[in-house]
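# Observations on the three-dimensional arrangement
In case you want the letters, here they are:
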Amino acid sequence: MKKILSVHNAPRPHWVGDGFPVRSMFSYGSESAQLSPFLLLDYAGPAQFAPTTRPRGVGQHPHRGFETVTIVYQGEVAHKDSTGAGGLIGPGDVQWMTAAGGILHEEFHSPAFTQSGGTLEMVQLWVNLPAKDKMASPGYQNLLNADIPSVALPDGAGSVRVIAGAFDGHHGPAHTFTPIDVWDVRLNQGATSRFSVPAGRTLALVVLHGTVLVNGSEVVREAQLVQFDRDGSDVQIEANTDATVLLLSGEPIDEPIVGHGPFVMNSQAEIVQAISDFQAGRFGQMHA
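This write-up is about the structure you can find in this document. (Residues numbered from 1 in each chain as written. Predicted model: local features only at pLDDT ≥ 70, side-chain atom pairs only at ≥ 80, totals over all residues. Heavy atoms only, no water.)

Attention now goes to the sheet that holds strand β14 (residues 158–164). In spatial order, the strands read β1-β22-β19-β24-β17-β14-β13; together these seven strands make up an open sheet with antiparallel pairing. For this open sheet the edge positions go to β1 (4–9) and β13 (150–152), each flanked by a neighbour on one side alone. The average angle at which neighbouring strand axes cross in this sheet is 20°, direction not considered. Sheet topology note: the β1/strand β22 (residues 224–228) ladder contains five bridges and is antiparallel. Paired with Asn 9 across the two strands is Gln 224, which belongs to β22. (Pairing = 2+ DSSP bridges. Helix = DSSP H or I, 4+ residues; strand = E, 2+ residues; numbered from the N terminus. Axes fitted to C-alpha atoms, helices over the stretch in contact; angles between N-to-C directions.)

Quick look at the structure:
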């Protein structure tokens, strides 16, 4: 069994733009090495929005050196970026944006959700890139719910949606630069399930809904993060209630992390270069 290192409570929420009230479950900094290859996880909502005519969200902004993974649980989000890619994602859908060498993008509530209002709930995960890929060409993967395999757990315990990596022989549709698993786990009340990841990997659980007992020892509730030691391979989760858990595992990238806002590189010189390149317009242009 993997040893539990810590359980973190979500901090107070803050706004990203005017469309996403988020709780940052973790972010790059002193924790980065422990959670590599994952840099940041923002849990947005659940939040209720009234109908309106002007879309809420975050306007044009840059990124370099990593990937953003947006998973929608409720509501609908529209994406557009400087590669010309874009799309709408609703419940169960995922946007996987590779900023790499530099991208501009914007994220807003979709026109339909803006007009109707409703509940928005989503997660945005930042995944680091190894030094050799930080300046790769930017890209975009639109992973729709229908493309994401859902695997039933034994004994009616629930299900696992495999966004990235593999579970029980089923492979997620996401292309990744380093080996990672992103599993959207739904557990039924009273069920106990065991999950295995390769030894030596980072492992973290984020409980989005419900209450679970982890490894028979730690009760973990909604909006809490569990971090594990890299040794060992198994984790056991008992659902005290119906629960939604995001399981993240990955091969660590043991390289320096230097971040500044939307740029995450390996040195301060590369951060200075990223700012210079952005200011000089070398991240491309957004098109109407």
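Turning next to the pairing of strand β4 (residues 38–49). Counting buried residues in β4 gives 10 out of 12 residues, a clear majority hidden from the surface. Note that strand β3 (residues 20–26) and β4 share four bridges and pair antiparallel. Directly across from Ser 24, in β4, lies its bridge partner Asp 42. Pairing of β4 with strand β11 (residues 118–128) involves nine bridges; the strand directions are antiparallel. Across the sheet, residue Ala 44 finds its bridge partner in β11, namely Met 122. (Buried < 20%, exposed > 50% of the residue type's maximum accessible area, 1.4 Å probe, protein only.)

What follows concerns the sheet that holds strand β7 (residues 77–81). What the four strands build is an open sheet, ordered β5-β10-β7-β8; its pairing is antiparallel. Every other strand in the sheet has two partners, leaving β5 (57–63) and β8 (86–89) as the edge strands with one partner each. Recorded for the sheet is a direction-independent mean angle of 15° between the axes of neighbouring strands. Both β5 and strand β10 (residues 103–109) contribute to a ladder of five bridges, which runs antiparallel. Looking at the pairing, Val 58 lines up with Glu 107 of β10.

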